[in-house]
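Survey of secondary and tertiary structure
Each chain, written out:
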Amino acid sequence: MTTVLVVAEARRGEIRDISFELIAAGRQVKEKAGASLAVAIVAAEPDRFADALTTEGVDEVLTVTSPTEHFEPHVASQALEALIERERPALVLLGHSIDSLGFGPAVAALGGLGFASDVTAIDWNGGPVARRGAYGDKLVTELEFPDKECTLLMVRAGAFEPASGDGSAPARAVEVELDAGAARSEHVEFREVATGDVDITAAEFLLSIGRGVEDKDNIEQFEELAEAMGATLSVSRPLVDAGWMPNARQVGQSGKTVKPEVYLAFGISGAVQHQAGIKGAGTIIAVNTDPEAPIFNIAHYGAVADMFEVAEELEKQFE
Amino acid sequence: MRIVVSVKQVAALDDEFELADDLHVDPDFVEWELNEWDNFSLEAALQLREAAGEGEVVAVSVGDSETDEGLRSCLAKGADRAIRIWDEGLEDADPLAVARVLAAAVERESPDLVLCGVQSSDAVNGATGVALAAHLGLPRVAVVTSLDYDQATNTATVERELEGGLIEVLRVQCPALLTIQTGINEPRYATLRAIKQARDKPLAEVGLGDLGLDPGAVSSAAGARRVRLAHPEKGEGAEMLTGSPAELATRIAEIVRERVG
Ligand SMILES: Cc1cc2nc3c(=O)[nH]c(=O)nc-3n(C[C@H](O)[C@H](O)[C@H](O)COP(=O)(O)OP(=O)(O)OC[C@H]3O[C@@H](n4cnc5c(N)ncnc54)[C@H](O)[C@@H]3O)c2cc1C
Ligand SMILES: Nc1ncnc2c1ncn2[C@@H]1O[C@H](COP(=O)(O)O)[C@@H](O)[C@H]1O
């Protein structure tokens with residue numbers, strides 16, 4: 001029987017949400033392919049997560065005990081290689097998450113597996129068919145994995161609705177010979193990025209600017225506009241990278257997840273990592289000169305226009 | 001010390017573009033530029049070399065002749081030499097095939113450190129670096145936002161950026177491969193003089209045969225085959241507002257006031 005293997009993620013004692021999205025993806029393939037669905041968790045004390053991972057549709061939870069307290073990519077590689085060898089899955093699903101970026105491609109490369117990352121949809125046609133973006137999400141591609149016994153797909157966060165519903169899958173400990181030497185990096189500590197003067201996660205109205213602003217000196221115009229409109233100013237990552245704006249104002253995967261009533265975006269292309277932060281926004285309005293900018297796929301209102309010209313006119317409306 | 005920086009010349013689509021067929025974009029609508037992430041990894045390498053007061057920074061890329069411009073810009077910023085690897089069969093190569101090819105070239109350099117970008121802005125695989133590390137048998141750290149190299153112990157203390165503003169500090173023994181995240185430093189610009197001087201720096205062109213690779217090994221390393229390239233289904237998409245900037249502003253103001261008035 002075909003097996004789909006989902007690799008769940010945990011961090012600092014908690015299962016990460018992506019795990020349930022992967023289970024949902026696995027469940028879909030299970031139905032299309034008539035497969036069985038196994039969920040693996042590699043952690044220092046994996047048993048504590050087994051119950052929570054037993055959602056509806058999961059046939060088996062596989063636990064692997066890690067010699068390290070925290071995720072370590074080389075341990076994760078070895079564990080997954082052993083799981084693939086023992087369980088012979090036709091499809092392995094990982095998150096396209098920071099942890100999995102550290103080991104998924106390594107396992108695929110050394111194992112000669114079929115492989116695609118940042119996958120947004122999965123179909124089954126005698127084998128997996130994956131869909132992902134191309135040219136920074138302006139296009140989509142479809143990929144096949146001919147002659148591959150096993151294919152590893154790294155699935156974009158948010159591409160699947162998380163699975164819910166209790167299941168009754170048994171847990172099985174998979175013994176993998178991992179010793180402390182399997183780890184090739186040494187955890188020192190976790191640290192939170194310094195918080196700043198504002199809490200953009202609490203804002204009802206965010207006016208957000210991206211690289212379209214072009215120059216540090218142009219930011220002032222939008223600070224003034226935000227003030228006039230009663231909005232809080234937030235930014236995309238490049239403005240923080242350039243040192244123009246503090247970390248606390250950054251929206252996105254590595255910044256803040258925001259949930260304003262209105263998110264007014266100027267000169268932001270809408271990269272997936274930015275989108276990750278605005279899924280909970282009520283109304284998204286995007287102003288961008290590029291009609292193909294991916295932000296228009298998720299915005300509620302869009303305008304193909306120059307952000308400076310629109311900002312100037314808006315300022316007049318709110319004088 | 002020797003640091004290899006793996007860089008990619010990426011394709012940026014024009015605002016308006018067309019497909020050439022159901023697998024490719026019409027090249028007339030494509031601009032080529034050095035991958036944003038790779039500017040940061042090059043800068044990190046240059047800073048390490050400068051701090052050590054000795055050493056060599058080698059830029060390596062798999063790409064056709066469009067890539068020369070990107071490699072020349074690396075040389076102008078301070079890389080000591082560059083290597084461009086190409087073979088017709090590498091067109092459309094997936095990240096695993098590219099990693100396999102890069103591994104053959106990087107191995108010959110016996111580097112102390114290999115730096116890649118977290119991702120390339122056109123393909124967004126986030127995969128080539130870690131796959132390359134696997135082939136080289138090097139320890140790796142992905143998504144690095146701070147790098148502190150200690151020459152005495154040949155170790156790197158790095159910060160890895162996790163989701164939601166969490167950072168993990170960790171230590172790794174070199175030689176190692178790091179994938180570098182934007183914002184780790186402030187990439188320099190090349191001076192006009194340096195751009196001129198870069199013309200005399202070595203840029204080697206090598207083929208698969210020079211690396212002891214045969215095309216079969218590369219294609220079997222590939223992880224996927226692209227079967228279709230298309231415009232995304234728009235879904236519901238945005239309601240597009242039209243008109244002059246003043247008219248747009250009026251509509252936007254209305255929408256905003258209705259919701260947060
Ligand atoms: C691991 C990881 C984590 C990341 N985390 C985040 C994150 O938390 N937040 C984040 O934002 N990014 C994040 N990124 C970066 C992300 O991939 C993009 O690079 C980034 O979001 C791009 O920002 P941008 O849209 O401002 O810039 P660009 O993509 O360069 O877009 C600028 C836009 O402005 C438009 N424009 C230009 N001039 C004008 C004008 N005059 N008027 C109107 N429009 C104009 C252009 O058409 C373009 O669409 C992350 C990346 C990685 C790999
Ligand atoms: N063709 C290539 N030549 C050299 N390096 C590459 C190439 N493609 C990807 N890379 C490296 O891998 C990183 C991540 O790219 P990707 O895996 O395509 O998202 C880039 O920042 C480069 O460092």
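Residues numbered from 1 in each chain as written. Chains lettered and ligands numbered in written order. Predicted model: local features only at pLDDT ≥ 70, side-chain atom pairs only at ≥ 80, totals over all residues. Heavy atoms only, no water.

All names here are of chain B. Within the structure, ligand 2 sits among 20 residues, and Ser-6, Asp-38, Ser-120, Gly-126 and Thr-128 are positioned closest to it. Separating an oxygen atom of ligand 2 from a backbone N or O atom of Ala-127 is a distance of 3.0 Å. At 2.6 Å, a side-chain N or O of Thr-128 approaches an oxygen atom of ligand 2. In the complex, 97% of the free accessible area of ligand 2, which totals 470 Å², lies under the protein chains. Of all elements in the fold, only β4 (56-62), α3 (95-107) and β6 (113-117) reach the threshold of two or more residues within the shell around ligand 2. Ranked by residue count, the leading element in the shell around ligand 2 is β4, at three residues. Class assignment for the residues of the shell around ligand 2 results in nine nonpolar, nine polar and two charged. (Near = heavy atom within 4 Å. Polar contact = N/O pair within 3.5 Å; in protein donor to acceptor, adjacent residues only side chain to side chain. Areas by Shrake-Rupley, 256 points an atom, 1.4 Å probe, with all protein chains shown as cover. Helix = DSSP H or I, 4+ residues; strand = E, 2+ residues; numbered from the N terminus. Nonpolar A, V, L, I, M, F, W, Y, C, P; charged D, E, K, R; others polar.)

Of all residues in chain B, 100% attain a pLDDT of 70 or more, and the chain-wide mean is 96. The ipTM, which scores confidence in the relative placement of chains, is 0.97 for this predicted complex, and the corresponding pTM is 0.97. (pLDDT = per-residue confidence, 0-100.)

For the rest of this paragraph, the subject is the sheet that holds strand β15 (residues 262-266) of chain A. With parallel pairing, six strands are arranged side by side in an open sheet as β14(A)-β13(A)-β15(A)-β16(A)-β17(A)-β13(B). Since the sheet does not close on itself, it has two edges, and those belong to β14 (232-235) of chain A together with β13 (239-241) of chain B, each with one partner. Looking at each pair of strands side by side, their axes are set apart by 20 degrees on average, direction ignored. Across four bridges, the pairing between strand β16 (residues 283-288) of chain A and strand β17 (residues 301-304) of chain A is parallel. Each residue of the ladder has a partner; that of Ala286(A), found in β17(A), is Gly302(A). On top of the sheet, helix α6 (residues 219-229) of chain A reaches β13 (205-209), β14 and β15 of chain A; it is set at about 170 degrees to β13(A), its chief contact. (Pairing = 2+ DSSP bridges. Axes fitted to C-alpha atoms, helices over the stretch in contact; angles between N-to-C directions. Contact = heavy atoms within 4.5 Å.)

Let us now look at the pattern of salt bridges. The tally for this structure, following the rule as stated, stands at 37 salt bridges over all chains. A network of salt bridges, in which partner residues are shared, links Glu9(A), Arg11(A), Arg16(A), Asp99(A), Arg160(B), Glu163(B) and Glu168(B). (Salt bridge = Lys/Arg side-chain N within 4 Å of Asp/Glu carboxyl O.)

Looking now at the site of ligand 1. Around ligand 1 there are 30 residues in total, and Ser236(A), Ser254(A), Ser269(A), Gln273(A) and Asn288(A) lie nearest to it. Ligand 1 sits at the junction of chains A and B, each of which supplies nearby residues. For ligand 1, an oxygen atom lies 3.0 Å from a polar atom in the backbone of Arg237(A). Separating an oxygen atom of ligand 1 from a backbone N or O atom of Gly267(A) is a distance of 3.1 Å. Among the elements of the structure, α7 (237-241), α8 (272-275) and α10 (307-317) of chain A are those that each provide at least two residues to the shell around ligand 1.

Quick look at the sheet that holds strand β10 (residues 151-155) of chain A now. With mixed pairing, 10 strands are arranged side by side in an open sheet as β11(A)-β5(A)-β4(A)-β1(A)-β6(A)-β10(A)-β7(A)-β8(A)-β9(A)-β12(B). With one partner strand each, in any of the chains shown, β11 (171-173) of chain A together with β12 (225-230) of chain B form the two edges of the open sheet. Each adjacent strand pair in this sheet contributes to an overall mean axis angle of 35 degrees, direction not counted. Two elements, strand β4 (residues 36-43) of chain A and strand β5 (residues 60-65) of chain A, share six bridges in a ladder whose sense is parallel. In the sheet register, Ala43(A) faces β5(A), and the bridge partner there is Thr65(A). Relative to the sheet, helix α5 (residues 104-111) of chain A contacts β6 (91-95), β7 (114-124) and β10 of chain A, its axis offset from that of β10(A) by approximately 165 degrees.

All names here are of chain B. For helix α7 (residues 245-260), spanning 16 residues, the distance from its first C-alpha to its last is 22 Å, which sits close to the expected 22 Å at 1.5 Å a residue. Of the positions making up α7, those classed as buried are Leu-248, Ala-249, Ile-252, Ala-253, Ile-255, Val-256 and Val-260. Viewed along the axis of α7, the buried residues span an arc of 165 degrees, placing them on a single side of the element. (Expected span 1.5 Å × (residues − 1). Buried < 20%, exposed > 50% of the residue type's maximum accessible area, 1.4 Å probe, protein only. Arc of directions from axis to C-beta.)

The interface is formed by 79 residues belonging to chain B together with 85 residues belonging to chain A. Taken over both partners, the interface formed by chain B and chain A buries close to 7,200 Å², and the fraction arising from carbon and sulfur atoms is 56%. For chain B, the biggest contributors to the area lost against chain A are Arg140(B), Glu163(B) and Arg171(B); these three give 9% of the whole. If you look at where chain B meets chain A, you find 10 salt bridges. With a closest N to O distance of 3.0 Å, Glu36(B) and Arg211(A) form a salt bridge. With 13 residues, α7(B) is the single largest residue contributor to the side of chain B that touches chain A. Examined bridge by bridge, β17(A) and β13(B) share three bridges and lie parallel to one another. Note that in β13(B) the partner of Gly302(A) across the bridge is Met240(B). (Buried area = accessible area lost by both parts, 1.4 Å probe.)

Taken together, the side chains of Glu214(A), Asp215(A), Asp217(A), Glu220(A), Glu223(A), Glu224(A) and Glu227(A) present a region of like negative charge at the surface. The topology assignment puts Glu214(A) in the loop between β13 and α6. (Patch = residues over 30% accessible without salt bridge, like charges linked within 9 Å, V, L, I, M, F, W, Y side chains within 5 Å. Lys, Arg positive; Asp, Glu negative; His and termini not counted. Charge placed at Lys NZ, Arg CZ, Asp CG, Glu CD.)

This brings us to unusual backbone geometry. Here the amide bond leading from Cys174(B) into Pro175(B) is cis, since omega sits at 0 degrees, within 30 degrees of zero. You can see Pro175(B) is positioned in the loop between β9 (166-173) and β10 (176-180). Despite not being glycine, Tyr135(A) shows a phi value in the positive range, around 50 degrees. Note on placement: Tyr135(A) falls in the loop between β8 (128-134) and β9 (139-144). Even without a glycine there, the phi angle at Asp92(B) is positive, about 65 degrees.

With that settled, consider the packing of aromatic side chains. All names here are of chain A. Under the defined criterion, the tally for this structure stands at three aromatic pairs over all chains. When the ring of Phe-71 is compared with that of Phe-103, the centres are 5.8 Å apart and the planes differ by 50 degrees; the resulting orientation is tilted. With a gap of 32 residues between them, Phe-71 in the loop between β5 and α3 (73-87) and Phe-103 in the loop between α4 (98-101) and α5 connect regions that are remote in the sequence. Summarising the aromatic geometry, the rings of Phe-222 and Phe-266 are spaced 5.4 Å apart at their centres and angled 55 degrees between planes, so their arrangement reads as tilted. In this pair, Phe-222 is assigned in helix α6 and Phe-266 in strand β15, connecting sequence segments 44 residues apart. Neither residue differs from the other here; Phe-222 and Phe-266 are each classed as buried. These aromatic residues form a ring-pair network of at least three members: Phe-222, Phe-266 and Phe-308. (Phe/Tyr/Trp six-rings, centres within 6.5 Å; stacked < 30°, edge-to-face > 60°.)

Here the focus is the state of the cysteines. Across all of its chains, the model carries zero disulfides over all chains by this definition. Cys116(B) provides the cysteine sulfur closest to Cys174(B), a residue in no disulfide bond, and the two sulfurs are 14 Å apart. (Disulfide = S-S within 2.5 Å.)

This next bit is on helix α4 (residues 128-136) of chain B. Burial within α4(B) is extensive, with seven of its nine residues counted as buried. Taken together, the buried positions of α4(B) are occupied by Gly129(B), Val130(B), Ala131(B), Leu132(B), Ala133(B), Ala134(B) and Leu136(B). Buried positions along α4(B) lie against α4 and α5 of chain A together with α3, β6, β7 (140-150) and β10 of chain B. Positive phi shows up at Gly137(B), right after α4(B), with a value of about 70 degrees.

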